[in-house]
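One letter stands for each residue in the lines below.
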Amino acid sequence: MYRFLWTRQWVILALVSLLLIPTMIRLGIWQKHRYEERSARNQLVAEALHARPVPVEQVTGPGHAVTRKERYHTVTATGTFDTAHEVVVRRRTNADDEVGYHVLTPFVLDDGKVLLVNRGWIPADAPSQTAFPKIPAPPAGKVTVQGRLMPDETTAASGIKDIKGLPDRQVMLINSAEQARRLGKQVLGGYIEQTAPQAKDGTPEQISDPGKEDAPLNYAYMIQWWLFAAGVPYGFFVLVRREARARAEAAAEQEKAEEAEPAAV
């Protein structure tokens, strides 16, 4: 009854089924790892955003590389904005996916060190890409700012190419070491995304909080792939039983037809 399993068609189908099972299991394991990574990232972000604000120099200093655990931690700093050395970061989008600039302003602390402050997004409304855009002024005099601590940007992490030869006071990536060389001062590692005080008239537009990654979606995909892996042998078994039944019924019909032939004569 099951000799058909040795035919070329069924041998190929069996081999494909055997290959699909481990492939789907591996895809489920990969989705499991993605779920764990995203869950851990969401947990770190939530802890950082809800942690008590601390003075920035308790977390970072000149030459410090902001760690994954330190990222998004709310920090405070007191000093004055140095608008004369302000730069804009090109090709940045706002919440509505409009392309413009981020405004990066050096913030001089009481001890002379510099903290890079990303004050937010402005539209690219300059006459040309080479012209420096008009930027709303920050608060004058001594002020206390608050923001989310961020690591230096890299091409590998952001996917943004660090183009050289840009117009004066324009950059592609926020990098504290490069800004330290430009300013000739000690610059704290990383930078902050300013959250307070809020800009007058909403300009620059404040950078939104980091969203939660959809970890449950990866969990659902994990279950889905493993159900598919379990369904392959069951589906193969159903196909085999259906084929065997069809062949048995065909053989029975043929046998009846052969038995009926002499009587008809």
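Residues numbered from 1 in each chain as written. Predicted model: local features only at pLDDT ≥ 70, side-chain atom pairs only at ≥ 80, totals over all residues. Heavy atoms only, no water.

## Thoughts on the overall build of the protein
The helix and strand tally for the protein stands at four helices and eight strands. When its helices and strands are written in sequence order, the protein yields α-β-β-β-β-β-β-α-β-α-β-α. Compactness check: the protein gives a C-alpha radius of gyration of 32 Å against a globular reference of 18 Å for 265 residues, more than 25% above the reference. The C-alpha extent of the protein, read off along each of the three principal axes, is 115 × 45 × 35 Å. Summarising the internal contacts of the protein: among those between residues at least 6 apart in sequence, 71% fall at separations of at least 24. Entry remark: accessible area of the protein is about 16200 Å², with carbon and sulfur atoms responsible for 56%. Averaging the positions of the 32 positive and the 31 negative side-chain charges in the protein gives two centres separated by 4 Å. (Helix = DSSP H or I, 4+ residues; strand = E, 2+ residues; numbered from the N terminus. Rg over C-alpha atoms; globule rule 2.2 N^0.38 Å. Contact = heavy atoms within 4.5 Å. Areas by Shrake-Rupley, 256 points an atom, 1.4 Å probe, with all protein chains shown as cover. Lys, Arg positive; Asp, Glu negative; His and termini not counted. Charge placed at Lys NZ, Arg CZ, Asp CG, Glu CD.)

## Remarks on the pairing of strand β8 (residues 191-196)
Counting buried positions along β8 yields five of six residues, so the element is predominantly enclosed. With two bridges joining them, strand β5 (residues 114-123) and β8 adopt parallel strand pairing. Bridge pairing links Val117 to Ile192 in β8. Across five bridges, the pairing between strand β6 (residues 143-150) and β8 is antiparallel. Paired with Gly147 across the bridge in β8 is Gln194. (Buried < 20%, exposed > 50% of the residue type's maximum accessible area, 1.4 Å probe, protein only. Pairing = 2+ DSSP bridges.)

## Considering the nonpolar core
The nonpolar side chains of a soluble globular protein tend to be buried with one another. One finds Phe107 and Leu115 to be the most contacted residues of the largest nonpolar core, which totals 16 residues. Look past the residues within four positions of Leu115 in its chain and what remains in contact with it is Val56, Ala77, Thr105, Pro106, Phe107, Leu109, Leu188 and Ile192. (Core = buried A, V, L, I, M, F, W, Y, C linked by side-chain atoms within 4.5 Å.)

## Comments concerning the confidence of the model for the protein
The predicted model of the protein has a mean per-residue pLDDT of 89, with 98% of residues at 70 or higher. Across the protein, the secondary-structure element scoring lowest on mean pLDDT is helix α4 (residues 215-264), at 82, and the one scoring highest is strand β2 (residues 74-81), at 97. (pLDDT = per-residue confidence, 0-100.)

## Concerning the environment of Glu193
Along the chain, Glu193 turns up in strand β8. Along the primary structure Glu193 and Ile207 are separated by 14 residues, whereas in three dimensions their C-alpha atoms are 6.9 Å apart. Residue contacts for Glu193: discarding those within four places in its chain leaves Asn118, Gln146, Gly147, Arg148, Met150 and Ile207.

## What about the side chain of Glu86?
With respect to the helices and strands, Glu86 occurs in the loop between β2 and β3 (87-93). Exposure remark for Glu86: the relative accessible area of 5% places this residue in the buried category. Ignoring any residue separated from it by four or fewer positions in sequence, one finds Glu86 in contact with Val103, Leu104, Thr105, Pro106, Arg119, Phe132, Ile135 and Arg169.

## Overview of the pairing of β5
Burial of β5 is extensive: nine of the ten residues sit out of reach of the surface. In the sheet, strand β4 (residues 99-109) pairs with β5 via nine bridges, with the strands oriented antiparallel. Bridging from a neighbouring strand, Thr105 pairs with Val117 of β5. Once β4 ends, the chain turns through four residues before running back antiparallel as β5, passing Gly112 with a positive phi of about 95°.

## Focus: a nonpolar patch on the surface
A cluster of nonpolar side chains, contributed by Ile25, Ile29, Tyr219, Ile223, Trp226 and Leu227, occupies part of the molecular surface with about 520 Å² of accessible area. Secondary-structure elements contributing two or more residues to the nonpolar patch are α1 (8-50) and α4. With four residues, α4 is the single largest residue contributor to the nonpolar patch. (Patch = residues over 30% accessible without salt bridge, like charges linked within 9 Å, V, L, I, M, F, W, Y side chains within 5 Å. Salt bridge = Lys/Arg side-chain N within 4 Å of Asp/Glu carboxyl O.)

## Quick look at the pattern of salt bridges
The full count for this structure, using the stated rule, is ten salt bridges. One salt bridge in this structure joins Glu57 and Lys113, with 3.8 Å as the shortest N-O distance. Note that Glu57 is positioned in the loop between β1 (54-55) and β2 and Lys113 in the loop between β4 and β5, a separation of 56 residues in sequence. With relative accessibility at 40%, the residue Glu57 sits in the partly exposed group. Linked through salt bridges whose partners overlap, the residues forming this network are Glu57, Asp111 and Lys113.

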